[in-house]
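An overview of the molecular structure
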Amino acid sequence: MNQAPGSPQGPDDQGPQHAQSLPGCYRHPDRETGIRCTRCERPICPECMVNASVGFQCPECARGASGTGHPPAASRPRTIAGGTVTADPRLLTKILIGINLAVFLVQLAVGDRFTTRFELIGQAYVPLLGGVEGIAQGQYYRLLTAMFLHGSYIHILFNMLSLWWIGGPLEAALGRARYLALYFVSGLAGSALTYLLAASNQPSLGASGAIFGLLGATAVLLRRLNYDLRPLIALLVINLIITFSPGFNIAWQAHIGGLVAGVVTGYAMVHAPRRNRALVQYGTCAVVLVVVVVLTLLRTAQLT
């Protein structure tokens, strides 16, 4: 989103009415700050500030002053969630898109037998495979593999465009490890809720659960940064309308499960206190995964 460029503000001019005029951190342009490096005078956010004898310095100036050639750990640039800033902030998004496209090509080459083997099915007799198949038969891998399958060109095109538009900026904001954890936690939550609530013989596939999780986490992030949420809310409403429209034959359970998991996990990612931040973030992911396991075991007990 566009932000009006600002000029340095004095202590008495940093009230809410002047928030939009603050400059952005030179390492994290999306973070407004009123602090500048005492040596080079570039704006720096709290993540980039390094204590100096007088005021704060940016990581580069602090490294130069130390004479070691390596910045101290506290000065390493971090994302808003505490992740490491990387040279290619969209690398994992590109890899995920590549995996989805590669699997889709395998689907086209091998045919329905491959798709039926790995899509999400609770429990059903599958003539193509010659027996009763499904998660309830111990095929728990389907909760994961279904996230990388797609039913048509339109299906994968829409999902991959959504993953690029939503996932890329979110990966840059969270960092790779946290972004990947969010993606898989959301996708598995969507699969688990589908397994629990959908008909046992109803197949389901697609990356939509994970993408809805990214969408929910993006809403939390934008709220944290005080950005205008109206465009995102409009997008979410449109997607939910499509999700529950009878003509589209969409597994709404995957969308809702992914969305809820994304909001919960995303909140932990961007609001965790700096002290024990990683513990809170990955602990929340673990809690969501425990819920996924409980739902899966509950449904399996019902079907067997």
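**Regarding the packing of aromatic side chains**
With the rule as written, the count across this model stands at 6 aromatic pairs. Ring plane angle 80 degrees and centroid distance 5.5 Å describe the contact between F104 and Y153, whose orientation is recorded as edge-to-face. Placement of the pair is F104 in helix α2 (residues 91–110) and Y153 in helix α5 (residues 153–174), with a sequence separation of 49 residues. For F104, a relative accessible area of 6% gives the class buried. On the numbers, 5.0 Å between centres and 50 degrees between planes, the contact of F114 with F118 is tilted. With a gap of 4 residues between them, F114 and F118 both fall in helix α3 (residues 112–118), about one helical turn apart. Judged by its relative accessible area of 25%, F118 is partly exposed. Taken together, the ring pairs in this structure connect F114, F118 and Y141 into an aromatic cluster. Sitting above the plane of the Y26 ring, R42 keeps its charged end 4.1 Å from the centroid.

**Considering helix α10 (residues 277–303)**
For an α-helix the count is 3.6 residues per turn, leaving residues at separations of three or four pointing the same way. In a regular helix each residue adds 1.5 Å, so 27 residues correspond to 39 Å; α10 covers 40 Å between its end C-alpha atoms and thus fits that length. Every buried residue belonging to α10 is among R277, Q281, T284, C285, V288, V292, T296, R299 and T300, and all of these are buried. Taken together, the buried residues of α10 touch α4 (142–145), α6 (176–197) and α9 (252–271).

**Quick word on the state of the cysteines**
Under the criterion given, the structure shown has 0 disulfides. No disulfide involves C48; its sulfur sits 3.9 Å from the nearest other cysteine sulfur, which is in C25. The exposure class of C48 is buried, given its relative accessible area of 0%. Among the cysteines around C58, which has no disulfide bond, C61 carries the closest sulfur, lying 3.5 Å off. Taking the relative accessible area as the measure of exposure, C58 reaches 0% and is therefore buried.

**Looking at the side chain of T218**
Following the sequence through the fold, T218 ends up in helix α7 (residues 208–224). Those residues in contact with T218 that lie beyond four places of it in its chain are I166, L170 and L232.

**Description of the nonpolar core**
Ranked by internal contacts, the top residues of the largest apolar core, which has 49 residues, are L163, L170, L174, Y179, Y183, L214 and L221. Take this core: its biggest share by element is 9 residues, from α6. Not counting residues within four places of it along the chain, the set of residues in contact with Y183 comprises L96, N100, M147, L163, A207, A210 and L214.

**Some details on unusual backbone geometry**
One non-glycine residue, E41, adopts positive backbone phi at about 65 degrees. Here E41 shows up in the segment before β1 (50–51). Judged by relative accessible area, which is 57%, E41 ranks as exposed. Here N226, not a glycine, exhibits a phi torsion of approximately 60 degrees, which is positive.

**Looking at the environment of L205**
Structurally, L205 is set in the loop between α6 and α7. C-alpha of L205 to C-alpha of M147: the two residues are 58 residues apart in sequence and 6.1 Å apart in space. Not counting the four nearest positions on each side in its chain, L205 is found in contact with Q107, T115, E119, A146, L149, H150, G151 and H155.

**Things to note about the side chain of H28**
With respect to the element layout, H28 can be found in the segment before β1. Leave out the neighbours within four places in its chain, and H28 touches C45, C48, R78, T79 and V85.

**Some thoughts on the pattern of salt bridges**
Enumeration over the complete set of coordinates arrives at 7 salt bridges. Across the pair R230 and D228 runs a salt bridge whose closest N-O atoms are separated by 3.1 Å. Classification of R230 by relative accessible area gives exposed; the value is 63%. Each of the salt bridges in this network shares a partner with another, and the network as a whole consists of E47, R274 and R277.

**Section: the packing of α7 against α9**
The N-to-C vectors of α7 and α9 enclose an angle of 35 degrees; their axes lie 6 Å apart at closest approach. Between α7 and α9 the crossing geometry is right-handed. Residues S208, G209, F212, G213, G216, A217, V220, L221 and R224 of α7 form the contact with α9, whose participating residues are A254, H255, G258, L259, G262, V263, G266, Y267, V270 and H271. Tallied by class, the residues present in the contact of α7 with α9 amount to 9 nonpolar, 9 polar and 1 charged.

**Points about α7**
The first and last C-alpha atoms of α7 sit 24 Å apart over 17 residues, in line with the 24 Å expected at 1.5 Å per residue. Most of α7 sits inside the fold, with 14 of its 17 residues counted as buried. In the segment just after α7, N226 is the residue with positive phi, at about 60 degrees.

Calculation criteria
- Sequence order sets the numbering: in each chain, residues are counted from 1 along the sequence as written.
- Side-chain atom pairs in this predicted model are given and counted only at pLDDT of 80 or more, local residue features only at pLDDT of at least 70, and totals for whole chains, interfaces and linings cover all residues.
- Note that water and hydrogens are dropped before the side-chain values are worked out from all heavy atoms of the structure.
- Ring geometry is summarised as follows: Phe, Tyr and Trp rings, the Trp one being its six-membered ring, pair when their centres sit within 6.5 Å, and such pairs are stacked at plane angles under 30 degrees, edge-to-face over 60 and tilted between the two.
- Helix and strand definitions here come from DSSP, where helices need a minimum of 4 consecutive H or I residues and strands a minimum of 2 consecutive E residues; each element is numbered from the N-terminal end.
- Throughout this description, buried means an accessible area under 20% of the type-specific maximum (1.4 Å probe, protein chains only), exposed means over 50%, and partly exposed covers the range between.
- As a reminder, the over-ring test applies to NZ of lysine and CZ of arginine, requiring each to be within 6 Å of the ring centre and within 35 degrees of the ring normal.
- Here a helix's expected span is defined as the number of its residues, less one, multiplied by 1.5 Å.
- It only takes one pair of heavy atoms within 4.5 Å for two residues to be counted as in contact.
- For the purposes of this analysis, a disulfide is any pair of cysteine sulfur atoms at a distance within 2.5 Å.
- Working definition of a nonpolar core: buried Ala, Val, Leu, Ile, Met, Phe, Trp, Tyr and Cys residues. They are joined through side-chain atoms within 4.5 Å.
- Take a side-chain nitrogen of Lys or Arg and a carboxyl oxygen of Asp or Glu: if they are within 4 Å of each other, that pair is a salt bridge.
- Between the N-to-C directions of two axes lies an angle of 0 to 180 degrees, each axis being a line fitted to C-alpha atoms and, for a helix, fitted only over the stretch in contact.
- When the near helix sits turned anticlockwise from the far one by under a right angle, the crossing is termed left-handed; a clockwise turn instead gives a right-handed crossing.
- Think of it as three bins: nonpolar holds Ala, Val, Leu, Ile, Met, Phe, Trp, Tyr, Cys and Pro, charged holds Asp, Glu, Lys and Arg, and polar takes everything else, Gly as well.

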